[in-house]
Amino acid sequence: MGLSDLEAAYQLLEEGDLRAALERAERAYRARPKDPRVRVFYGYLRHAATGEYEGLRLMDQGVRQAEDPEPYLALLRLYREEALPAHLLDLAAYGARKGLPSPGEEAVAWAEGVLAERGLPLGEGREAERLAYEGDFAGLERLCRKRLQPYTGYLLLLTRLERRQHSRARALGEELRQRFPDAFPARLGHLLGRFPQEGPGLAQEALPLLEVTPKDRLLARGLLLLALGIGEGRRASALDRAFQPPLREEDALLEKALGGRGSSLVPPVLFVPQPLSRRPLPPWAAELFRPWKEHLSPRELVRWGRPFMRAGWAPEGLWGEAQEAVDLLLALERGEKPFPPVKPLGELLGASPEEREVAETALFPEDLEALGRGAESLYGELYRLILDPSRDWREGRVRRLLGQGLPPGVRAALELRLLLQRDPMAPLSPPDLPEGAHWPEEFLFTWLLSLPPEPKVERAFFLLPSGAGNLGDWTYAYSLHILRLLEAKPWREAPLPQEGDLEAWVSRIPETVRELWFTQLALEGFVEIKDLLRAKRLKPLLEGLSPAAWGFLQRLVWQESLPLAGAEEAVEELEPLFLAFVGEGRVSLPPDLRRALRRAL
């Protein structure tokens, strides 16, 4: 038991099936968790498939147990590729004690150079690398509270900036500059922390730092952001090219910011506040953001452009989904149907701007450590509830919050969630808010659950999620919305058209359901969507159909029009397969799908 799974995992990997290989290797690890061969191979597959640090940790444990040169050297190469110099030097020191080969002079020189630049001892350097690799924001906070260092403080500041905690980033930058005035990471962090308020006016102070080319990727990333911020696009491109792979490959927005042919944009992470923020914008911010209109997806436009639209900016020249996203957002801001009048929870509860910045950018309950607990901070307790990863709220906990004299909209939102927790399929109608009351925006998608699945509601689920503040509510409400639709099947309320009216047939299926079916098809075949148009991919999916559904689909493919009366059973079976394709933004049988189905049938 265990070793046979390991051998099977090897075989599956040779065949190119990483997913199946990982599943078999996991079975081997569960059976033999201390076997070094299993640890190394399972760790390797887990890292290759998911990029998780846990995969590297398991490999490291197995390599130190096995003392085998081959996996040892492979892990050293992986540490080099993943830019983990402290891990590389730590493992190399272990290997030297055990008589294992050296990673090579070039690798050692690189790792020692990066560690010297960071100014950290080996142990702290390894811990900082782990926290940065895992994106452990709360861990970085704890590490810096325990012992603030220029480099770890810089990492925390960069994380705060990328989470759009601008005031906290500035405060940390000031502290770093006061305590470590000559350290490069502290000087860089200080300027980055000031950028959201001061913008390109920092150019004169920033230029001397741009003469440095750091060996550390994260220091180089911050310097690249600063270069773009002050309009030094060529210097930013040079920093990008100094690393392999280039820094732009880690961030799609950074790649767009670097652009080509000498043009560049200022990354919005440097100056755009989080979407729920009501803080005034600096006068120069709108000018820096406007050129991004041409480069952002509709979702990105909502996420990054919302503070500017709230301040009166109306982007022009948009079309299609981008214009639809802007129209939905403006309707939400104005409280137009189907949306209620909304305000952020912090505004409704009178939280300070600093408290709101912490809460509205938090992703996990542990990110709320800066807020008080219990009676000390009702706001903090409500946000801990919102971020509860189980989504299964204890009723007593919610009842205690309801007894705290909450604003009407907040009370109504919590009561609606309690109702749905007791009965996810309970009939709903929009809550009746008193005159002048506002619904908390952190519960926007819970409100949408109470509405019929009209097109605006469906599009809102796709286009309006706008950051950490309502991510938890979106995750809960989106999945429940689909479950409620699949249970109710509102598209079955009217009989099927008599003359094969495909447009009428498809238009009944809510977009969220069609998207789910479409995604399920891709996952079932473990293929890209476009690959499902190949007959060899479609045929296995069709083989399980009943004879009635098979015959119905054949007629649909071969005839331009066909009677649909009496075909409810066949249609029901085909819905997740066929309508998913047709519902992908189209209301006719696409020629490529028709050809693929003909070959498959």
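Up top is the structure these notes are about.
The following refers to the structure shown.

Taken as a whole, this structure holds 15 aromatic pairs when the rule is applied. Ring centres of Phe289 and Phe308 lie 4.7 Å apart, and the angle between their planes is 10°; on these two criteria the pair is classed as stacked. Highlighted residues: Phe289 in helix α17 (residues 285-289) and Phe308 in helix α18 (residues 298-310), separated in sequence by 19 residues. The same class applies to Phe289 and to Phe308, which are both buried. Taking the centre distance of 6.0 Å and the plane angle of 55° together, the rings of Phe461 and Tyr478 count as tilted. Highlighted residues: Phe461 in helix α26 (residues 455-463) and Tyr478 in helix α27 (residues 471-488), separated in sequence by 17 residues. Considered together, Phe461 and Tyr478 belong to a single accessibility category, that of buried residues. Over the face of the ring belonging to Tyr94 we find Arg64, whose NZ or CZ atom lies 5.1 Å from the ring centre. One Lys or Arg, Arg417, reaches over the ring of Trp393 and ends 4.1 Å from the middle of that ring.

Below, the discussion takes up the packing of helix α5 (residues 69-81) against helix α6 (residues 85-97). At a minimum axis distance of 9 Å, the contact between α5 and α6 shows a crossing angle of 160°. As summarised for this structure, α5 and α6 are arranged roughly antiparallel, according to the angle between their axes. Between α5 and α6 the crossing geometry is left-handed. The residues of α6 that touch α5, namely those facing Tyr72, Leu75, Leu76, Tyr79 and Arg80, are His87, Leu88, Leu91, Ala92 and Gly95. Class assignment for the residues of the contact of α5 with α6 results in seven nonpolar, two polar and one charged.

Further remarks concern unusual backbone geometry. Residues Gln244 and Pro245 are joined by a peptide bond in cis, for which omega reads -5°. Structurally, Pro245 is set in the loop between α15 (233-241) and α16 (252-258). Following Lys337, the chain continues into Pro338 via a peptide bond in cis, with omega recorded as 10°. Its place among the elements puts Pro338 in the loop between α19 (320-334) and β1 (342-343). Positioned with a positive phi, Ala83 is a non-glycine residue whose angle comes to about 60°. Note that Ala83 resides in the loop between α5 and α6. Positive phi, normally seen in glycine, also occurs at Arg164, with a value near 65°. With respect to the helices and strands, the residue Arg164 is situated in the loop between α10 (150-162) and α11 (166-179).

Further remarks concern helix α4 (residues 53-66). Look at α4: 20 Å from first C-alpha to last across 14 residues, which is about the 20 Å you get at 1.5 Å a residue. Contacts from the buried residues of α4 go to α2 (18-31), α3 (36-50), α5, α6 and α8 (122-134). Backbone geometry just after α4 places Glu67 at a positive phi near 55°.

Another point: a nonpolar patch on the surface. A cluster of nonpolar side chains, contributed by Leu363, Phe364 and Leu471, occupies part of the molecular surface with about 260 Å² of accessible area. Topologically, Leu363 is positioned in the loop between α21 (353-360) and α22 (378-386).

Examined against the element boundaries, Glu458 turns out to sit in helix α26. Judged by relative accessible area, Glu458 falls into the buried class, the value being 3%. Beyond its immediate stretch of four places on either side in the chain, Glu458 contacts Pro453, His481, Leu485, Pro510, Glu511, Thr512 and Val513.

On inspection of all chains with the given rule, the structure shows 49 salt bridges. Between Glu369 and Arg142 there is a salt bridge whose closest N-O contact spans 3.2 Å. Of this pair, Glu369 sits in the loop between α21 and α22 while Arg142 sits in helix α9 (residues 137-146); the two residues are 227 residues apart in sequence, bridging distant segments of the chain. Residue classification places Glu369 among the partly exposed positions, given a relative accessible area of 39%. A relative accessible area of 41% means that Arg142 is categorised as partly exposed. Where Arg459 meets Glu324, a salt bridge forms, and the shortest distance between an N and an O atom there is 3.4 Å. With a gap of 135 residues between them, Arg459 in helix α26 and Glu324 in helix α19 connect regions that are remote in the sequence.

Moving on to the packing of α9 against α10. Running from amino to carboxyl end, α9 crosses α10 at an angle of 140°, the nearest separation of the two axes being 10 Å. Handedness of the α9/α10 crossing: left-handed. Counting all contacts with α9, which are made through Phe137, Leu140, Glu141, Leu143 and Cys144, the residues of α10 involved are Thr152, Gly153, Leu155, Leu156, Thr159 and Arg160. In the contact of α9 with α10, the residues fall into six nonpolar, three polar and two charged.

Calculation rules
- Residues numbered from 1 in each chain as written.
- Predicted model: local features only at pLDDT ≥ 70, side-chain atom pairs only at ≥ 80, totals over all residues.
- Heavy atoms only, no water.
- Phe/Tyr/Trp six-rings, centres within 6.5 Å; stacked < 30°, edge-to-face > 60°.
- Helix = DSSP H or I, 4+ residues; strand = E, 2+ residues; numbered from the N terminus.
- Buried < 20%, exposed > 50% of the residue type's maximum accessible area, 1.4 Å probe, protein only.
- Lys NZ or Arg CZ within 6 Å of the ring centre and 35° of its normal.
- Axes fitted to C-alpha atoms, helices over the stretch in contact; angles between N-to-C directions.
- Parallel < 35°, antiparallel > 145°, perpendicular 65-115°, else oblique.
- Left-handed = near helix turned anticlockwise from the far one by under 90°.
- Contact = heavy atoms within 4.5 Å.
- Nonpolar A, V, L, I, M, F, W, Y, C, P; charged D, E, K, R; others polar.
- Expected span 1.5 Å × (residues − 1).
- Patch = residues over 30% accessible without salt bridge, like charges linked within 9 Å, V, L, I, M, F, W, Y side chains within 5 Å.
- Areas by Shrake-Rupley, 256 points an atom, 1.4 Å probe, with all protein chains shown as cover.
- Salt bridge = Lys/Arg side-chain N within 4 Å of Asp/Glu carboxyl O.

Keep in mind these numbers describe shape, not what the thing actually does.
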